[in-house]
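Descriptive analysis of the structure
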Amino acid sequence: DKDHGAQKPVALYKDLLSRSCYPGQVVADFFCGSGTIFPAANALKLTAFGVELLEHNCNIAKLRLNETEDEAPPPEEKPEATSLQETLSGLLPK
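Note that the coordinates shown come from a computational prediction; the quantities given were computed from them, not determined experimentally. (Residues numbered from 1 in each chain as written. Predicted model: local features only at pLDDT ≥ 70, side-chain atom pairs only at ≥ 80, totals over all residues. Heavy atoms only, no water.)

Looking at the pattern of salt bridges
Quick reminder of the rule: By salt bridge we mean one thing: a side-chain nitrogen of Lys or Arg within 4 Å of a carboxyl oxygen of Asp or Glu. Only DSSP runs of H or I covering at least 4 residues are called helices, and only runs of E covering at least 2 are called strands; the numbering of each starts at the N terminus. Per-residue accessibility, obtained with a 1.4 Å probe over protein chains only, is compared with the maximum for each type, and a residue is labelled buried under 20%, exposed over 50%, and partly exposed between these values.
In the structure shown here, the tally under the stated rule is one salt bridge. Its salt-bridge partner being Arg-19, residue Asp-15 comes within 2.9 Å of it at the nearest N-O pair. A residue pair is termed a helical-turn pair when its members lie 3 or 4 positions apart in one helix, as Asp-15 and Arg-19 do in helix α1 (residues 10–20) at four residues. Note on Asp-15: relative accessible area 33%, which makes it partly exposed. Arg-19 sits in the exposed class, given a relative accessible area of 59%.

Description of unusual backbone geometry
Both trends apply: most residues other than glycine have a negative phi, and most peptide bonds are in trans. Located in the positive-phi region is Lys-45, a residue other than glycine, with phi close to 60°. Among the structural elements, Lys-45 can be located in the loop between α2 (37–43) and β2 (47–50). Judged by relative accessible area, which is 56%, Lys-45 ranks as exposed.

Remember that the coordinates give geometry; whether it matters functionally is a separate question.
Quick look at the structure:
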């Protein structure tokens, strides 16, 4: 059941965020549409903010601000990176 014509699955956002963010970080979605970023970020203990131009979509997103998925697995613990080079080296193939 979609409220927005291009609404993405929360699971997709959770997968992308869990691969690129540490718990406690802030994520931004500058075209947040129906606000799928919010339940995904909440489930992973991230802080999210979104920007949306259309009032209808903003109203849908506002309803989702505090949503989370009950079945969300706990985020994987990742060690703090001490430098940009260490962070990038974890993303590059070996």
